[in-house]
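Structural description and commentary
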Amino acid sequence: MRIVIAFLFTLVALSSFSQKKYAWVSGSLVDENEKPLQKVSVIILGRNNGITSNDSGSFRIKVPAGSAFAIVFSHSGYTPVQKNFFLSENEEEKVSIRFEPARTTLQTVVVADDKERRETGLTKINPKNALVLPSTTGGVEGLIKILVGSNNELTSQYSVRGGNYDENLIYLNDFEIFRPYLVRSGQQEGLSFINPELAKNVSFYNGGFQAKYGDKMSSVLDVQYKKPKSFGGTAYVSLLEQGMHLEGIAKKGRFTYLLGIRNRSNKNLLSSQETRGAYIPSSADIQAFITYKISEKLQLELLGNLSVTKFTLFPESVSKTSSVFSPLFTSNLGLDVFFEGQERDGYKTNLIGLSLLQSVNKKLKLKWMLSRFQDKENENFDIAGTYLFGDRDFDHSSSTFGQIINPLGAGYYQNYGRNELNIAVYNAGVKGSYEYGKHFIQFGNSIEQTKINDKLKEWEYQDSAGYSLPYGQARLNLYKSLNSTAGLSIQKYSGYVQDNMHFGDSSNAIIVQAGVRYNYNSLNKEFLISPRAQVSWKPKWKKDIVFKLAAGVYDQPPFYRELRKYDGTLNTAVKAQKSYQFVGGMDYSFLGSGDRPFRITTEAYYKMLRDVDVYDIDNVKVRYAGNNNAKAYATGFETRLFGELVKDAESWLSIGIMRTKENLDDDHYYQYKNAAGEIITAKSTDQVPVDSIRNDVGWLRRPTDRLVTVGLFLEDYLPTNKNFKVHLNLLYGSNMSYNIPNSVKYRNALIIEPYIRADIGFSAQLLSERSIRRSHSPFRDFQNIWASFEVFNLIDRANTISYQLIKDFANNVYAIPNRLTPRLVNFKIVARF
């Protein structure tokens, strides 16, 4: 009987099981940049087992039909996503889920996705820190300058591992970004192109980057703007900058929009400059990023930017002082200049980029791109100055305190310029990826048309002690005169293919990224091939360590500034500067006291350069020799510590050691001797040269050579209240060389003293989280409101950016330093809603 009953129960159970209904849920899983996410856990809520997504980010799971259920999607380093379903029998619903990085303060410290730790030279930057960073320029670039060093707080440009400002690539949603080219000083600059409030993912490569990135020699800044999931925005006001942004979705999430507007005026900064006068700077921009999901396989994206910067200056006077110390005497040299005239500059840039994202199938993804970039610049200045140079009296008891009491030189000079530059860049390209087994292949190709129209009319007149320089008995000579026009039309073709290979498992993995890119341009008809490779190995050790190696060819074809020589003429035969680069390093993650996360990265590098187009840097103006007559090298190492010195407060320390030198072809000068064998410095009737000595110069420091750089970003808060925070930004850079223009003998003749700067900001949360606000509160829709008080150049150090050369009555040359900004304060309010 018991057997019969058991048998009947079994039949009932089997019958009920066979009547159970099923359905299917399938789809694709991507990260915040629309890149496939593999090994995502897909589990029905309440069950203990499930499936994971494949290498292309796809999944298909069997689910119950006829009843409500939920699926939880989770991946290390990302916020879990839960979706609710109710499906009929045999129904299949397709979904597309985009993951967001886990919300943690320490986004740059703990990188849960090993892929980021294994890419050579990569640092992930949290764009939210750009608004809390106490910095005169702010923005994402202000954070980068902590990592790589800086010598000018007025510019958003930066130098990486011995390269100059023109050697850095910037991408925004895969479109290459260009900067204005006629800017001479940081005070003329406006807003940075990148709006940190719109940015979601910021990747900075300081060397050894992959073949998929373009043809420059130093660094890559890859920025992706976010795709909103709901309505929100930000508004902020400070003494330097004001702005707001809005974001939202429509059409059930198929349509998203981002809009950012900013305005900046550096008037408060510049009013404290050495040169007194009326400064009228202004800069404004508007940016928009719109996406529309046409279907499951097609998505349209539109990126637009318009930026207008104006700079007007009516200079009045300037007083500069430089102290001279020697075993024989000490002197305080002063220079007083009284100006007349004005300067009016304008820079207008705009970008429009259209992308079509196509998912051909689970393995093949394509991105079709069209863009147009336009840059219109003009410089108009006519400034004259009368100067007196000599010993300045610093005796407080003297009636002549602060005045020049022993004149060494006097004169007059006039600078005149009417310069125009128009650049238009049209680009059409395609990028794609294909996944096959353990291979993830990336490829791309683009065609680019560049049109450059340039008018340069500039001259300088100098009069010293009543004589025009250079002196001529028969006529009046100008000290410098440039008069040139140019019209260039350049076609550029470039492309790449790169394979990303994964070997081993997660506990003992080797990742190889090997690729090659090509570049051809019609200007110099040079065809370049650049192979590049990166290898990372994570051994099966108890300690979480990743070892990295990279090597490759990094060539940089000339664009515009590299073509223009010192005399203003264009050399269209300039070839690409070429480099071979080698990088090795390690990445070590660990937990400190209190289980706070820390991460140490260390890299050593060597760059060998040939066909170098040598340059000088005056403030931010890069002036090239316009030829390929030098070789150079850069070598050094960098180490960075990221961590939470206090819980939930992000900090990092960066230390770099570097040496970069160059050797110009046939760089020599002669010293002359008289009949007595004595070296003479000038020809005269009583000192006739009868012999000469040739001096070969050899290896010299490059203008960007800096032995030691240190950057510190520190965040802290009150132990009893996290709503009161402090942020400290500290920069140190050892001395740099400064070249006398157009001089072989006096190249490296001057030294710019070490750059030391500390900025600090104090923040307080005025409005707490929305959840504890009353329903009738006028601030009920605000997430939070913060107020900040910032002190720039806390130690009030007079850093030097360049030198002004002055001759005395005896024709001796003196170098008077041009200083940067003194101590200043700023106030800022930020509201998020």
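Residues numbered from 1 in each chain as written. Predicted model: local features only at pLDDT ≥ 70, side-chain atom pairs only at ≥ 80, totals over all residues. Heavy atoms only, no water.

With that settled, consider the overall build of the protein. Looking only at helices and strands, the protein has five helices and 45 strands in total. Per-residue burial for the protein yields a buried fraction of 51% across its 833 residues. Across the protein, every contact between residues at least 6 apart in sequence was considered, and the portion connecting residues at least 24 apart equals 67%. Roughly 38300 Å² of accessible area belongs to the protein as shown, and the carbon and sulfur atoms make up 57% of that amount. (Helix = DSSP H or I, 4+ residues; strand = E, 2+ residues; numbered from the N terminus. Buried < 20%, exposed > 50% of the residue type's maximum accessible area, 1.4 Å probe, protein only. Contact = heavy atoms within 4.5 Å. Areas by Shrake-Rupley, 256 points an atom, 1.4 Å probe, with all protein chains shown as cover.)

The subject of this paragraph is the packing of aromatic side chains. The geometry of an aromatic ring pair is captured by two quantities: the separation of the ring centres and the angle between the planes. Enumeration according to the criterion identifies 31 aromatic pairs in this entry. For the pair Phe 178 and Phe 559, a centre-to-centre distance of 5.4 Å together with 20 degrees between the ring planes defines the contact as stacked. With Phe 178 in the loop between strand E10 (175-176) and strand E11 (199-205) and Phe 559 in the loop between strand E26 (544-556) and strand E27 (577-591), this residue pair connects regions lying 381 residues apart in the sequence. The same class applies to Phe 178 and to Phe 559, which are both buried. Three or more aromatic residues joined by ring pairs form one cluster here, namely Phe 178, Tyr 181, Phe 373, Phe 559 and Tyr 560. Just above the ring of Trp 24 sits the side chain of Arg 60; from NZ or CZ to the centre is 4.0 Å. The ring of Tyr 22 is capped by Lys 62, whose NZ or CZ atom sits 4.3 Å from the centre of that ring. (Phe/Tyr/Trp six-rings, centres within 6.5 Å; stacked < 30°, edge-to-face > 60°. Lys NZ or Arg CZ within 6 Å of the ring centre and 35° of its normal.)

In this section: the nonpolar core. In this structure, Ile 144, Tyr 158, Leu 172, Phe 204, Leu 221, Val 223 and Tyr 225 are the most contacted members of the largest nonpolar core, which totals 55 residues. Among residues more than four places away in sequence, those in contact with Ile 144 are Ile 125, Tyr 158, Phe 204 and Leu 221. In terms of nonpolar packing, the next biggest core, distinct from the first, is built from 21 residues, Val 25, Ile 44, Phe 59 and Leu 87 among them. (Core = buried A, V, L, I, M, F, W, Y, C linked by side-chain atoms within 4.5 Å.)

Note: strand E13 (residues 232-238) against strand E14 (residues 241-250), six bridges, orientation antiparallel. Paired with Gly 232 across the bridge in E14 is Glu 247. The hairpin turn running from E13 into E14, its antiparallel successor, is two residues long. Relative to strand E15 (residues 255-264), E14 is paired through 10 bridges, and the arrangement is antiparallel. Of the residues in E15, the one forming a bridge with Gly 248 is Tyr 257. Remark: four residues form the turn of the hairpin made by E14 and E15, two consecutive strands paired antiparallel; Lys 251 in that turn has positive phi of roughly 55 degrees. (Pairing = 2+ DSSP bridges.)

Take helix H4 (residues 139-148) next. Burial analysis of H4 places 10 of its 10 residues in the buried class, the great majority of the element. Following H4 by one or two positions, Gly 149 has its phi on the positive side, about 95 degrees.

So, on to the pattern of salt bridges. The final tally for this structure, using the stated rule, is 37 salt bridges. With a closest N to O distance of 3.0 Å, Glu 638 and Arg 161 form a salt bridge. Of this pair, Glu 638 sits in strand E31 (residues 630-646) while Arg 161 sits in the loop between H4 and strand E9 (168-172); the two residues are 477 residues apart in sequence, bridging distant segments of the chain. The burial state of Glu 638 is the same as that of Arg 161; both residues are buried. Note that Lys 725 and Glu 715 form a salt bridge whose closest N and O atoms lie 3.9 Å from each other. With a gap of 10 residues between them, Lys 725 in strand E38 (residues 721-733) and Glu 715 in strand E37 (residues 708-718) connect regions that are remote in the sequence. A relative accessible area of 25% means that Lys 725 is categorised as partly exposed. By sharing partners, the salt bridges in this structure join Arg 161, Lys 548, Glu 603, Glu 638 and Arg 640 into a single network. (Salt bridge = Lys/Arg side-chain N within 4 Å of Asp/Glu carboxyl O.)

Attention now goes to the sheet that holds strand E3 (residues 51-52). In space, the four strands of this open sheet follow the order E3-E2-E5-E6, with antiparallel pairing throughout. Looking at the sheet topology across the chains shown, the edges are occupied by E3 and strand E6 (81-86). With two bridges joining them, strand E2 (residues 41-44) and E3 adopt antiparallel strand pairing. Across the sheet, residue Ser 41 finds its bridge partner in E3, namely Thr 52.

Turning next to the sheet that holds E10. In spatial order, the strands read E8-E11-E12-E9-E10; together these five strands make up an open sheet with mixed pairing. Where the open sheet ends on each side, the last strands, each with one partner, are strand E8 (122-125) and E10. With four bridges connecting them, E8 and E11 associate as antiparallel partners. Along E11, the bridge assignment pairs Ile 125 with Val 202. On top of the sheet, H4 reaches E8, E11 and strand E12 (219-225); it is set at about 140 degrees to E8, its chief contact. (Axes fitted to C-alpha atoms, helices over the stretch in contact; angles between N-to-C directions.)

Moving on to empty space enclosed by the protein. Scanning all chains against the criterion turns up eight cavities of 30 Å³ or more. Of the volumes computed, that of the second largest cavity is approximately 440 Å³. Looking at the lining of the second largest cavity, the elements that each hand over two or more residues are H4, strand E29 (615-618), strand E32 (649-664) and strand E39 (736-738). Top contributing element to the lining of the second largest cavity by residue count: E32, with five residues. (1 Å grid on protein atoms, 1.4 Å probe; cavity = no way out; pocket = protein on both sides within 12 Å on 5 of 7 lines; lining within 4 Å. Points joined across faces, edges and corners; volume = space filled by probe spheres on them.)

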